[in-house]
Amino acid sequence: MDTTTLYRPVGPNELQLIEHSGWKEFPPRLSHQPIFYPVLNEEYATMIARDWNVKQSGSGYVTRFRVRSDFVARYEVQTVGGSICKELWVPAEDLLEFNQNIVGLIEVIAEFHGE
C-alpha cells in the first residue's frame, strides 16, 4: 500500500484531542473551520507551529502521519506563499474519511513553547 507522509502543526488543545483518540485521528473541525489543512513538508509545519501556534496558545507541535496515497490524490496541492508553503485543503465534511485513511499512528516530532 502506497502512503503519503503529511504534517500538521497543532496547538495544545488539538494535540490533547489527538492523544485522546489514541493518536489515530484528528478532531472534527469547529463550525468556523470549514477546511482541514495538512501540510506537505516538515519545514512549513515547523514554521507554523513555532511562529503561529506558540503566539496563539503558548505552545506548538508538529505532528507527522501517513495517509493512503490513492485517497490523498483527490486533493490538489495548494501553494499558499513561498515554495515550501504547500498544503492540502480537505473540506471539513471529508475529515472522517480522511481519518479512516490514516495508516499507523499520528506522532509528535517537534514541540515549541513560549517564554
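Let me sum up the structure you'll find in this document. This one's a predicted model, so the numbers in the text were calculated from it and none came from an experiment.

What counts, and at which threshold
- Residues numbered from 1 in each chain as written.
- Predicted model: local features only at pLDDT ≥ 70, side-chain atom pairs only at ≥ 80, totals over all residues.
- Heavy atoms only, no water.
- Helix = DSSP H or I, 4+ residues; strand = E, 2+ residues; numbered from the N terminus.
- Rg over C-alpha atoms; globule rule 2.2 N^0.38 Å.
- Pairing = 2+ DSSP bridges.
- Axes fitted to C-alpha atoms, helices over the stretch in contact; angles between N-to-C directions.
- Contact = heavy atoms within 4.5 Å.
- Patch = residues over 30% accessible without salt bridge, like charges linked within 9 Å, V, L, I, M, F, W, Y side chains within 5 Å.
- Areas by Shrake-Rupley, 256 points an atom, 1.4 Å probe, with all protein chains shown as cover.
- Salt bridge = Lys/Arg side-chain N within 4 Å of Asp/Glu carboxyl O.
- Buried < 20%, exposed > 50% of the residue type's maximum accessible area, 1.4 Å probe, protein only.
- Core = buried A, V, L, I, M, F, W, Y, C linked by side-chain atoms within 4.5 Å.

### Thoughts on the overall build of the chain
A tally of regular secondary structure across the chain gives 4 helices and 7 strands. Mapped in sequence order, the helices and strands of the chain form the string β-α-β-α-β-α-β-β-β-α-β. Compactness check: the chain gives a C-alpha radius of gyration of 13 Å against a globular reference of 13 Å for 115 residues, within 12% of the reference. Taking the principal axes of the C-alpha coordinates as reference, the chain spans close to 40 × 35 × 30 Å.

### Details of the sheet that holds strand 3 (residues 59–68)
Pairing is antiparallel in the open sheet, where 3 strands are placed in the order 1-3-7. Two strands in the sheet have a free side with no partner beyond their single neighbour: strand 1 (3–10) and strand 7 (102–113). Neighbour to neighbour, the strand axes of the sheet diverge by 20 degrees on average, direction disregarded. In this structure, strand 3 lies alongside strand 7, joined through 8 bridges in antiparallel fashion. In the sheet register, Val67 faces strand 7, and the bridge partner there is Ile102. Sitting on the sheet, helix 1 (residues 12–20) is in contact with strand 1, strand 3 and strand 7, with an inclination near 135 degrees to strand 1. Packed onto the sheet, helix 2 (residues 42–57) meets strand 1, strand 3 and strand 7 and runs at close to 140 degrees relative to strand 3.

### Re a nonpolar patch on the surface
Together, Tyr37, Val80 and Trp89 give the surface a local cluster of nonpolar side chains, amounting to about 270 Å² of exposed area. Inspection of the secondary structure puts Val80 in the loop between strand 4 (77–79) and strand 5 (86–88). Taking the relative accessible area as the measure of exposure, Val80 reaches 38% and is therefore partly exposed.

### Here's the deal with the nonpolar core
In this structure, Leu6, Phe26, Phe65, Val67, Phe98 and Ile102 are the most contacted members of the largest nonpolar core, which totals 18 residues. At the level of secondary structure, the elements contributing two or more residues to this core comprise strand 1, helix 1, strand 3, helix 3 (69–72), helix 4 (95–100) and strand 7. Take this core: its biggest share by element is 3 residues, from strand 3. Excluding residues within four positions of it along the chain, Leu6 makes contact with Pro38, Val39, Leu40, Thr63, Arg64, Phe65, Val67, Val72, Leu88 and Phe98. Listed in part, the 8 residues of the second largest apolar core include Val39, Tyr44, Ala45 and Cys85.

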